[in-house]
Every structure is written in structure tokens, then in C-alpha cells.
Amino acid sequence: MRRTLAQLTTRRLDDRSAIAVAVRRWKEDVRRDLGGDLSRAQETILEAAAQAWVTLASLDDWIARQPSLVTKKRQVLAVVMQRMQIAEGLARNLDRLGLERRAKPVPDLTAYLASKTAEPRDAPTARAPS
């Protein structure tokens, strides 16, 4: 995991790994929630959010496996504060993308029917033998 995170992009993940599959699915879900067709800037924010999501998930896993989050000096582990900062950054990126689900833009019925009747028919029509 440390090696993967050092590469600083989700595009460099091995497509066969479980984490790459999870990141790809997460990005597709967010993209679909946003209506599908994202601008270049939105894709950049989505990539940054995906990186934060991977980091956050790995930190959550590591933190959950610790016997205690408090040191002998009665201080919370520094990683907990860093995890909170990463979570806040992820929330800001998702807020920038938009938190409400958006439907894909679809043409109205009149425009759809007009486009279907205007399309040339390339395929030859089959005629019954005479």
C-alpha cells in the first residue's frame, strides 16, 4: 500500500488489484451521480478525491487495527488528526463536484423523434421475394 500511495495517482494502480477495482468503481459511481459527462476540471477534482479516498480508506483500516488511539502520555495518535484533515479535504473536493445526484441530460420527446426520423437509413431494406 505504501508503494502504491507513493505513486500519487490512481491511474498508476495495477488494474487487476482489488484497490484499483475499488477506486475505478468509486470513480464511476461518482461520475454517474454527476450526470456522466464531466469537464476536464471536474475530472481533475475527481482524481484528487479518489486519491484522498484511497488514503483515507487505508488509514481507517490501520487505525481500526490499533489496540489504542491514545498514547501513554494521554495524547491521541497524530495519524488520527491527519486522517481527519484528509477526510475534510475529500469532503471539500466532493462538495466542489456537487453532492446532489444529477440525471443525464436527455432530449425531449419531440427532439428525439425528430432526430430518429431525420437519420438516413444506411441499411438496405429486405424485400420479400416476388
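Scroll up a little and you will see the structure.
Here the residue numbers are simple positions, counted from 1 along each chain's written sequence. Whole-chain, interface and lining totals are the exception, using all residues; otherwise, since this is a predicted model, local features are given only for residues with pLDDT of at least 70 and side-chain atom pairs are given and counted only at 80 or more. Side-chain figures throughout are based on the complete set of non-hydrogen atoms in the structure, without hydrogens or water.

Novice: Residues and numbers for the overall build of the chain, please.
Specialist: Scanning the chain for helices and strands turns up 5 helices and 0 strands. A helix here means a DSSP run of H or I that spans at least four residues, while a strand means a run of E at least two residues long, and both kinds are numbered starting from the N terminus. The order of helices and strands in the chain, counted from the N terminus, is α-α-α-α-α. A buried classification covers 21% of the 130 residues belonging to the chain. Residue contacts are defined here by distance: any two heavy atoms, one from each residue, within 4.5 Å place the two residues in contact. Within the chain, residue pairs in contact and separated by at least 24 positions form 60% of the contacts whose partners lie at least 6 positions apart. Accessibility throughout is a Shrake-Rupley quantity obtained with a 1.4 Å probe, and a residue counts as covered only by protein chains that appear here. Total accessible area on the chain stands at roughly 10,500 Å², and carbon and sulfur atoms take up 54% of it. The buried label goes to any residue with under 20% of its type's maximum accessible area, the exposed label to any with over 50%, and the partly exposed label to all in between, with areas taken from a 1.4 Å probe on protein chains only.

Novice: Residue-level account of the pattern of salt bridges, with values.
Specialist: If charged atoms from side chains of opposite charge come close, those side chains can pair. A carboxyl oxygen of Asp or Glu within 4 Å of a side-chain nitrogen of Lys or Arg is what we treat as a salt bridge. Summed over all chains, the structure comprises 5 salt bridges. Where E43 meets R31, a salt bridge forms, and the shortest distance between an N and an O atom there is 3.0 Å. Placement of the pair is E43 in helix α3 (residues 40-64) and R31 in helix α2 (residues 18-33), with a sequence separation of 12 residues. A salt bridge links D60 to R83, with the nearest nitrogen and oxygen atoms 2.5 Å apart.

Novice: I'd love a proper account of the packing of aromatic side chains, names of residues and values included.
Specialist: Between rings of Phe, Tyr and Trp, where Trp is taken as its six-membered ring, a pair exists when centres lie within 6.5 Å; planes separated by under 30 degrees are stacked, by over 60 edge-to-face, and by other angles tilted. One pass over the full model with this rule turns up 1 aromatic pair. A ring pair is formed by W26 and W53, whose centres lie 5.3 Å apart and whose planes are at 15 degrees; its orientation type is stacked. Here the residue W26 occupies a position in helix α2, and W53 occupies one in helix α3, the gap between them amounting to 27 residues.

Novice: Let's hear about α2: which residues, and what values?
Specialist: What a helix is expected to span follows from its residue count: subtract one and scale by 1.5 Å. With 16 residues, α2 extends 22 Å from end C-alpha to end C-alpha; this agrees with the ideal 22 Å at 1.5 Å per step. Taken as a whole, α2 has its buried residues at A20, V23, W26, K27 and V30. Seen from one end, α2 has its buried residues packed into an arc of 130 degrees, which puts them on one side. Those residues of α2 that are exposed and angled more than 90 degrees off the buried face are A18, R25 and R32. On the buried face of α2, the contacting elements are α3 and α4 (78-97). G35 sits one or two residues past α2 and shows a positive phi near 100 degrees. Taking the helix axis as origin, the arc is that swept by the directions to the C-beta atoms.

Novice: So, the nonpolar core: which residues are in play, and what are the values?
Specialist: Generally speaking, a soluble globular protein has its nonpolar side chains buried in company with each other. The term nonpolar core refers to a set of buried residues drawn from Ala, Val, Leu, Ile, Met, Phe, Trp, Tyr and Cys, joined through side-chain atoms within 4.5 Å. Counting residues in hydrophobic clusters, the biggest one holds 13 residues, and the most contacted among them are W26, V30, L34, L46, L90 and L97. Secondary structure elements with two or more residues in this core: α2, α3 and α4. Top contributing element to this core by residue count: α3, with 6 residues. Once you skip the residues sitting within four places of it in the chain, W26 turns out to touch L46, A49, A50, W53, L90 and L94.

Spatial relationships are all this shows, so hold off on functional conclusions.
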